[in-house]
Amino acid sequence: MATLTLNAFLTLDGVMQAPGGPEEDPSDGFTSGGWQAPYVDEDLIRFVTGYLERADGILLGRRTYEIFAGFWPKVTDEGDRIASVLNSRPKYVVSSTLTSGDADWKETTLLGGDAVAAVTRLKEQAAGEIQVHGSTRLAGTLIAHGLLDELNLLVHPVYLGQGRRLFQDRVGAPAAYTLTEHSTTATGVSVGTYRLSGPARFGTVGE
């Protein structure tokens with residue numbers, strides 16, 4: 001069975017939408033794209049590259065897949081470690097609207113139908129580490145259903161007040177996580193790795 005992990009760039013208010021640039025994803029009237037740019041440094045690149053190179057496969061939602069597929073295949077520099085991984089590893093895209101003709105990035109498999117059922121099957125049938133990058137709605141659904149084994153949350157010191165957020169009200173069982181690693185980049189990005197540890201526990205403070 002595969003291990004499923006998430007790499008998520010977040011603002012302080014949990015926004016994941018369009019970190020890379022103003023034109024990356026202006027859907028739903030989002031006007032704050034490119035919020036990550038002031039915080040990208042060697043520390044951040046080192047973490048993201050090291051994490052990505054562990055991947056045996058990449059799992060994406062439709063919107064993130066289209067953004068990635070429109071950019072990374074054009075990066076042909078053999079020294080670009082991120083492009084090298086993304087262009088060569090198996091990619092799985094969860095979508096009920098894409099067709100096989102639309103999902104033509106090399107090594108792409110289209111997972112149609114119910115997202116939870118499709119990813120459950122993928123975990124059971126695959127091996128190694130499959131990583132989710134971006135894909136806000138898909139990631140939130142997988143968290144709510146306990147399918148993500150590990151969360152890498154890179155929280156940037158900026159508040160936006162608009163945009164799609166990772167943690168929104170969703171159907172699912174409360175869960176607890178263990179913080180296994182933590183670091184802070186020179187620009188103030190908090191990088192935390194959280195491992196799913198079981199159901200959430202409750203009690204009364206002081207008793």
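The protein appears in an unreviewed UniProt entry as Deaminase from Streptomyces solincola.

This paragraph deals with the overall build of the protein. Secondary structure summary: the protein contains five helices and eight strands in total. Taken over the C-alpha atoms alone, the protein extends approximately 60 × 40 × 35 Å along its principal axes. Expressed as a percentage of the 207 residues in the protein, the buried residues total 44%. Of the side-chain charges in the protein, 17 are positive and 25 negative, and the distance between the mean point of each set is 3 Å.

Residues of helix α1 (residues 42-52) that are buried: Leu44, Val48, Thr49, Tyr51 and Leu52. For α1, the angular spread of the buried residues around the axis is 165°, confining them to a single face. In α1, those exposed residues whose orientation departs by more than 90 degrees from the buried face are Glu42 and Arg46. In this structure, the buried residues of α1 make contact with β1 (3-10), β2 (57-61), α3 (81-88), β5 (129-133) and β6 (150-155). Two or three places before aspartate 43, at the start of α1, stands the capping residue aspartate 41, its side-chain oxygen 3.2 Å from that residue's backbone nitrogen.

Our focus in this paragraph is the pattern of salt bridges. Following the criterion strictly, the structure yields twelve salt bridges and no others. Residue glutamate 129 pairs with arginine 54 through a salt bridge whose shortest N-O separation is 2.9 Å. Residue glutamate 129 is located in strand β5, and its partner arginine 54 is located in the loop between α1 and β2; the two are separated by 75 residues in the primary sequence. Here glutamate 129 falls in the buried class, since its relative accessible area comes to 12%. On the accessibility criterion, arginine 54 (40% relative accessible area) is partly exposed. When salt bridges that share partners are traced, they join Asp25, Asp28, Arg63, Arg137 and Arg164 into one network.

Looking now at the packing of aromatic side chains. All chains considered together, the criterion is met by three aromatic pairs. Relative to tyrosine 51, the ring of phenylalanine 47 lies with its centre 6.4 Å away and its plane at 0°, an arrangement referred to as stacked. You can see phenylalanine 47 and its partner tyrosine 51 sitting in helix α1, four residues apart, about one turn around the helix. For phenylalanine 47, a relative accessible area of 22% gives the class partly exposed. For tyrosine 51, a relative accessible area of 2% gives the class buried. Looking at lysine 91, its charged tip hangs above the ring of tryptophan 105, at a distance of 4.6 Å from the centre.

The rules we used
- Residues numbered from 1 in each chain as written.
- Predicted model: local features only at pLDDT ≥ 70, side-chain atom pairs only at ≥ 80, totals over all residues.
- Heavy atoms only, no water.
- Helix = DSSP H or I, 4+ residues; strand = E, 2+ residues; numbered from the N terminus.
- Buried < 20%, exposed > 50% of the residue type's maximum accessible area, 1.4 Å probe, protein only.
- Lys, Arg positive; Asp, Glu negative; His and termini not counted.
- Charge placed at Lys NZ, Arg CZ, Asp CG, Glu CD.
- Arc of directions from axis to C-beta.
- Contact = heavy atoms within 4.5 Å.
- Polar contact = N/O pair within 3.5 Å; in protein donor to acceptor, adjacent residues only side chain to side chain.
- Salt bridge = Lys/Arg side-chain N within 4 Å of Asp/Glu carboxyl O.
- Phe/Tyr/Trp six-rings, centres within 6.5 Å; stacked < 30°, edge-to-face > 60°.
- Lys NZ or Arg CZ within 6 Å of the ring centre and 35° of its normal.

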